[in-house]
Structures are given as C-alpha cells and as structure tokens.
Amino acid sequence: MNKRYIYIALIALSFGVLTSCSEDDLEPTLQQSKVIDNAVGTINDLQVILNGAYNRMSLSAYYGRDKIILGEVFADNAYSNANSNRFVAEARMDLLPTSGISESFWSQMYAVIASANIVINATDIEIDPLNAEADQAEIDQIKGEAYAIRALAHFDLLTFYGQQNVNGGGESSLGVPYVTTFRKEEDLFPPRNTVGEVKNMAYDDLEMAQSLMNAGSTNPEFMNLYAAYAIEARIANYFEDWERSLEASQFVIESGNYSIIESQDFVSSYAEKGSDNTIFEIAARENDNEGINGLANIYQATTYGDVVALPNLAAIYESGDVRGVGGIITQYESGTLRNTGKYPSIAPYDDDIPVIRYEEVVLLYAEALLETASGEALVWLNSIPTNRGASTYSVANKENILLERRKELAFEGFRFHDLARTGMDIPVPDGVLQTHGGPEYGSYNFALPIPLAEDSANANLDQNFGYGN
C-alpha cells in the first residue's frame, strides 16, 4: 500500500477472524483480504474477540502505562528525569504529529474499539435450544461489556485529542471519530465527530451496556454493570452533567458491592487482585504483563525509573496519611520521591491496574452532590480522609474536592484531566523539575496532535489547532 492505512478500522484488520476463533486469533495477522461475515458464530468466538479487547487495553500504549503517565506528567504531580529518555517530550508537553506516542496511543485505543465493534455487530450467534435463555444472557453480557469498553475508549481518546479545552473549545469543537463499525468500506475515512456528539454517543453505548449486563456479575477483571455506571458518572462529571453524574454514581454506591479500603489495608490493596474497592481493573498475570515497559518500572528506582513525584505533591499529605511519604510515596536518601505503593511489583510485574476504584466514585458523588446542592457532599468527601489517616474537611467546596481527588488518585492518571475540565492553567510549583512551563488553559497543548499518518491518510480528519494546520 502506498497510503498507510493505519486508520481506525484498518488497524483492526488485524484480526483476520477465522470460521471459529481461538487464542491464536487475538493478535494481528494483517490478512486484510479475509472477511468476518458469518465468521463469529459461537459464544466462544465472541468471548475470544472480547478478550482481545481486554488484552489491548492492558498494553503499555494504553492502560498498561502511557494513559496513566501522561495524566501525571502533563500536570503538577510528576516529572521525567530522563533516566532512560522516556517521557521527556511528554513532560515538556512538546509533542508533534510525528511523535511516536501520539500515534501509538491513538492506534491502540482504536484497536480496542475495533475488537469491541466486532463483538457488538456480530449476529446469528449459535444458541442451544435446550439452554436458550442462559445462552442469550451470556451473549448479552459479552455484548454489554463491549459497549462499555467502546464508550470508555472513545472518552479516553476525547480527553487527550479533543479540542474541548483549546481556544474556548466546548462541545461544538472537534472531538474524535466515533467508530461503530468494523471494516465497512464506506466508513473507512470518517470525519471527526464534535465533542458533544462523542459524549452523547458514549452515553448511548453505556445505556445499551447497562440494559444488557447482568447485575450479578461483579468480577472486576471484566467490565460489569457497575463499571458501566461508574464510567457514565466519570464522563458526566467531566462535562458537568451533574444530575447524570449524581444518578450514575449513586447507583454504584447503593449497590452495596463495594467499600472504601481502610487505612491499614490501603497500600497493600494495590498488590491484591479484586479488592473490595475495585470496580474494574486491568488483569495481569506472571506470564502475561507489560514487564519492564509497564508502570512499576517507569515509576520506581529501576533501570528506567523516569517518572518521579514532585515535592509539591508529597507536601500536600499530612504526616500519617497512608498516601504520602512512608505509605504510597518513598523518599530516598537523595531526596528523590517515588511512587512505590501503586503498581508495586517489579517482578513478576503481575499487579492488576485499577481503572475504576470505588473511592473515585465516592468523590464523583460528592462533587455531584455539591453541584446540585443535594446536601451531604461533606459527609461523602470526608469518608475518604477518614480512612487514610488524614484530617477531615470543615467544608465541602470545589477546591477541597479537587484537593482530595489529587491526594487519592495521584499516580493513576487523573490530575491533568481534573485541571483541564475545571478550566485551570497547569501549575508550576517547581520550575526546575517541571519542563512544560505551565501552559495556560486553552493552549494548543491541552490536546495531543492527531498523528501525521492518520491526518495524511484521511482527508476528512482535521489536525488539531497549533500543530501545523
């Protein structure tokens, strides 16, 4: 091919699905001539393709590292020390359309979406007449998971590539293409949907997911009903759809399935699988993980170890707060501060990666209560520090909720998005260690550039402001 068909649906041509899927079919084969019509015919086929989506979410170009690290180094939580020359340009917020991470990040999320689309659009799945009800329920659950994954991946793309926080942005600005088909010729080169369209299509997908999924399925290593509601609350919170955020987060809370981890168990919970506070996490196993290219190796004092905590972050924790120094954060003799408590295992790198924790939902709920004047925001806000060895707040306001989110969710990739969604400049508490200079809200680098290969191959795909358009 003369043109690089990296784009969205064509990334996924990867699959080359055969008449009956197997584990070997999960990795790309680039056999683009193969068709998938009538190829996904059994429940096992659906599950195998869905497992491919989960696997792609786990890779370092997505939740396995890059999404989380960008959310920290783009803000005031962490910086790159260039120990192995990783995340140097990212920490400067100085990326180009030709930057590797701009392309790999985009491509990986659309590969996840492609997997989900195969599952969602599969028809005529075999059902055992003697077990029809149970088989249909299983199909519904699998498809519901795929809808939730598709919504989350598009939202993640939007928060990094959308123009909602650039030049006044808003929901009428350029978002990302919301892709709902797999390898349809007429859909290979879609334009960018607006930010508002992406938001509403994600809501639609989540509503479909919620209608399909089984309330009794709570395994956190798979998408589940409560994860779908938590994602809805996260998106609604980002876009200030407060009533929607309130209802969605309340659904999770009132389920009674989850609880806030107590202070004595907080640090150790990151080395456990399926803790009481975990709603959805990316699974890792001793023989299936990102190894040296994962989160532990980039945060800790290893041969990589490029991403280091800023002193300003450590300073917000009181003595005795299990999230600060001596708990999640380790201070070395040199004075260097590192995250050693979240994603702690250096070898065999088998810690699951929390994507949605109950504590985030509690803070979403507290913020929605505050914004809707529904009362009890302070009670829910204080339920977190009460379980962390920290002082409680005397008042629930935006500043305190954002502070508690920074404390609780540090090193998990939320900080940049909290600054962006609330219209704040990027703080520069340390002008030596931080190299991005503190872009003002609305600056072009509040969004990543559209990868050059994508922009070149698809004439309908406009480049982001400030990157040569």
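Please refer to the structure higher up on the page.
Since the structure is predicted, the reported quantities are computational estimates derived from the model, not experimental observations.

**Student:** Teacher, can you tell me more about a negative patch on the surface here?
**Tutor:** Together, E262, D265, E272 and D276 make up a negatively charged patch on the protein surface. Relative to the elements of secondary structure, E262 occurs in the loop between helix 9 (242–254) and helix 10 (263–269).

**Student:** Can you help me understand the pattern of salt bridges in this one?
**Tutor:** Should their charged atoms come close, side chains of opposite charge can pair. A complete count under the given rule lists 27 salt bridges for this structure. Of the charged contacts, one joins R92 and D94 as a salt bridge, the two residues approaching to 3.5 Å between their closest N and O atoms. The closest approach of N and O atoms between E171 and K199, which form a salt bridge, is 3.1 Å. Of this pair, E171 sits in the loop between helix 6 (132–161) and helix 7 (195–212) while K199 is found in helix 7, placing the two residues 28 residues apart along the sequence. Classification of K199 by relative accessible area gives buried; the value is 8%. Connected via shared salt-bridge partners are D321, R323, K342, R357, E359, R388, E404, E408 and E412.

**Student:** What am I meant to see in the environment of A366 here?
**Tutor:** For A366, the location among the structural elements is in helix 13 (residues 358–372). Under the relative-accessibility criterion, A366 is labelled buried at 0%. In this structure, the C-alpha to C-alpha distance between A366 and N387, residues 21 residues apart in sequence, is 16 Å.

**Student:** Please explain the side chain of R357 as it appears in this structure.
**Tutor:** Along the chain, R357 falls in strand 6 (residues 353–357). Relative accessible area serves as the criterion here: at 3%, R357 is assigned to the buried category. A polar side-chain atom of R357 sits 2.8 Å from a polar atom in the side chain of E408. Ignoring any residue separated from it by four or fewer positions in sequence, one finds R357 in contact with F266, Y270, N277, I279, K342, R388, E408, L409 and E412.

**Student:** I keep staring at the packing of aromatic side chains and nothing clicks. Help me out?
**Tutor:** Any two aromatic rings considered together are summarised by their centre-to-centre distance and by the angle between their planes. Summed over the entire model, instances satisfying the criterion amount to 23 aromatic pairs. A ring pair is formed by Y299 and F411, whose centres lie 5.5 Å apart and whose planes are at 80°; its orientation type is edge-to-face. A residue pair is termed long-range when its members are at least 10 positions apart, and Y299 in helix 11 (residues 295–299) and F411 in the loop between helix 15 (398–409) and helix 16 (415–421) qualify at 112 residues. Residue classification places Y299 among the buried residues on the basis of a relative accessible area of 1%. Through a chain of ring-to-ring contacts, three or more aromatic side chains come together here, namely F74, F105, W106, Y110, F160, Y161, F416, Y441 and F446. One residue, R86, lies across the ring of Y304, its end atom 3.7 Å from the ring centre.

Procedures and definitions
- Residues numbered from 1 in each chain as written.
- Predicted model: local features only at pLDDT ≥ 70, side-chain atom pairs only at ≥ 80, totals over all residues.
- Heavy atoms only, no water.
- Patch = residues over 30% accessible without salt bridge, like charges linked within 9 Å, V, L, I, M, F, W, Y side chains within 5 Å.
- Areas by Shrake-Rupley, 256 points an atom, 1.4 Å probe, with all protein chains shown as cover.
- Salt bridge = Lys/Arg side-chain N within 4 Å of Asp/Glu carboxyl O.
- Lys, Arg positive; Asp, Glu negative; His and termini not counted.
- Charge placed at Lys NZ, Arg CZ, Asp CG, Glu CD.
- Helix = DSSP H or I, 4+ residues; strand = E, 2+ residues; numbered from the N terminus.
- Buried < 20%, exposed > 50% of the residue type's maximum accessible area, 1.4 Å probe, protein only.
- Polar contact = N/O pair within 3.5 Å; in protein donor to acceptor, adjacent residues only side chain to side chain.
- Contact = heavy atoms within 4.5 Å.
- Phe/Tyr/Trp six-rings, centres within 6.5 Å; stacked < 30°, edge-to-face > 60°.
- Lys NZ or Arg CZ within 6 Å of the ring centre and 35° of its normal.

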